[in-house]
Amino acid sequence: GQRMRNQKIHTTYPNDINRLNAPFLTMFESLIPPNEEKVKQKQLLTVLEKLVSKEYPEARLFLYGSCANSFGFSKSDIDVCLAMELQNVDKSDILLKLADIFESNNLQNVQALTRARVPIVKLMDPVTGISCDICINNVLAVVNTKLLRDYAQIDERLRQLVFIVKHWAKSRQVNETYHGTLSSYAYVLMCIHFLQQRRPAILPCLQGMETTYFANVDNVECAYFDQVEKLHNYGSRNGESIAQLVWAFFHYWAYCHDYANDVISVRTGRTLSKRAKDWTRRVGNDRHLICIEDPFEVSHDLGRVVDKFSIRVLREEFERAAQIMHCDSNPCVTLFEPY
Ligand code: GTP
Ligand code: MG
């Protein structure tokens, strides 16, 4: 419409883009959790393991999500997955039992949410001040957490880009799945996809390489190359700076991605067609207005939360960000102005 016609679409970086490298890197550094926070998270996990194993000796606890995928901000909550065999026991009963145990051991704000899409127990540890959500047997999330962490080790620009994009998305309120915008997990996949598309590529497609890691989780085969220490030079033929990549990231999602026809697929390292996946029409609540294939659960579109209103919000925010990266005198401030 009018808004689009008034915009000028630029195809390459402004000359002085690299002046933004230092401020973006400073911003990245300030968002990384300090080491003592990581120590406290481990401490809390140990406390929880002790409490859980008294009742369920065979149960194991895993960290997943941003506290374990290396894309977590300072002061975030932690996500914990309790893995155990369930024989004729109800998940809800276990969650209620766990809530009892935690409550009687001085953990605060204990709450069992047994009817949520992913049922959890929430709690806050008064010793470390950390809040945490515990789910049961969400092992795929543990495996995709490892995939994301492995990608992060290949090229440091991925972690820098994700932190800046997540910070932007939180500032602009487009990181809220309950309002129809995207999860942090979806933004990380968008960043990985984007870096797989650069020429020369900055990231490889780990699931397209020799299998060195394999897990069969709930009948989903998860296989990929995880010897990422062998890939630490992978992106070095591409010399793009973080400022150039932030510019190009927003440019890509504002003007280059084909929302009508394409699905982004980190699993294949390219885009797939919506037609090939039969993601062309609304089925139930899945509208497929922006399509992001889960790397392991391939029938799962992480864009399914986006509706016809929020897709406009998202695309306008990508365009706003692209314009700011191109023309604004102080993008490191304007980009993150609260919505
Ligand atoms: P922040 O909490 O925003 O810092 O990010 P996060 O990485 O913890 O992401 P989020 O809370 O959105 O998701 C937690 C984890 O759940 C992800 O890292 C994935 O491993 C897993 N997950 C699997 N499927 C989905 C999904 O459909 N939506 C979301 N949000 N997470 C999923
Ligand atoms: Mg989280």
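Everything discussed here concerns the structure shown above.
Residues numbered from 1 in each chain as written. Chains lettered and ligands numbered in written order. Predicted model: local features only at pLDDT ≥ 70, side-chain atom pairs only at ≥ 80, totals over all residues. Heavy atoms only, no water.

Caption draft 1: Structural view of the sheet that holds strand β5 (residues 131–136). The sheet built from 5 strands is open, its strands ordered β1-β2-β5-β4-β3 with mixed pairing. At either end of the open sheet lies a strand with only one pairing partner, and these are β1 (60–64) and β3 (108–113). Taking each pair of neighbouring strands and ignoring which way they run, the sheet shows an average axis angle of 20 degrees. Relative to β5, strand β2 (residues 78–83) runs parallel, the two being bridged by 5 bridges. What sits directly across from Cys-81, in β5, is Cys-135. The strands touched by helix α3 (residues 35–55) are β1, β2, β4 (120–124) and β5; relative to β1, the strand with the most contacts, the crossing angle is about 150 degrees. (Pairing = 2+ DSSP bridges. Helix = DSSP H or I, 4+ residues; strand = E, 2+ residues; numbered from the N terminus. Axes fitted to C-alpha atoms, helices over the stretch in contact; angles between N-to-C directions. Contact = heavy atoms within 4.5 Å.)

Caption draft 2: Up close: the site of ligand 1. Lining the immediate surroundings of ligand 1 are 16 residues, of which Ser-66, Asn-144, Lys-166, Ser-184 and His-300 lie closest. Here Ala-141 contributes a backbone N or O atom positioned 3.4 Å from an oxygen atom of ligand 1. Within the complex, the protein chains bury 78% of what would otherwise be the 590 Å² of accessible surface of ligand 1. Sorting the residues of the shell around ligand 1 by element identifies α5 (139–154), α6 (156–171) and α7 (184–197) as the ones contributing at least two each. No other element matches α5, which puts 3 residues into the shell around ligand 1. By residue class, the composition of the shell around ligand 1 is 4 nonpolar, 8 polar and 4 charged. (Near = heavy atom within 4 Å. Polar contact = N/O pair within 3.5 Å; in protein donor to acceptor, adjacent residues only side chain to side chain. Areas by Shrake-Rupley, 256 points an atom, 1.4 Å probe, with all protein chains shown as cover. Nonpolar A, V, L, I, M, F, W, Y, C, P; charged D, E, K, R; others polar.)

Caption draft 3: Looking closely at the side chain of Thr-145. By the element assignment, Thr-145 lies in helix α5. The contacts of Thr-145, once residues within four sequence positions are left out, are Tyr-64, Gly-65, Ala-68 and Asn-69.

Caption draft 4: Highlighting the pattern of salt bridges. By the definition in use, this model includes 11 salt bridges. Three or more residues joined by partner-sharing salt bridges are found here, namely Lys-146, Asp-150 and Asp-226. (Salt bridge = Lys/Arg side-chain N within 4 Å of Asp/Glu carboxyl O.)

Caption draft 5: Up close: the environment of Val-110. Note that Val-110 resides in strand β3. For the pair Val-110 and Asp-133, spaced 23 residues apart in sequence, the C-alpha separation works out to 9.8 Å. Contacts of Val-110, omitting those with residues within four sequence positions, involve Ala-99, Phe-102, Glu-103, Val-121, Lys-122 and Leu-123.

Caption draft 6: Geometry of the side chain of His-257. Within the element layout of this structure, His-257 appears in the loop between α8 (242–256) and β8 (262–265). Contact partners of His-257, with chain neighbours within four places excluded, come to Tyr-252, Asp-262 and Ile-264.

Caption draft 7: Geometry of the sheet that holds strand β9 (residues 270–273). Across the sheet, 3 strands lie side by side as β9-β8-β10; this open sheet has mixed pairing. Two strands lie at the open edges of the sheet, namely β9 and β10 (291–292), each paired on one side alone. In the sheet, β8 pairs with β9 via 4 bridges, with the strands oriented antiparallel. Across the sheet, Asp-262 pairs through a bridge with Ser-273, a residue of β9. Where α7 meets the sheet, its contacts fall on β8, β9 and β10, and the angle it forms with β8 comes to roughly 90 degrees.

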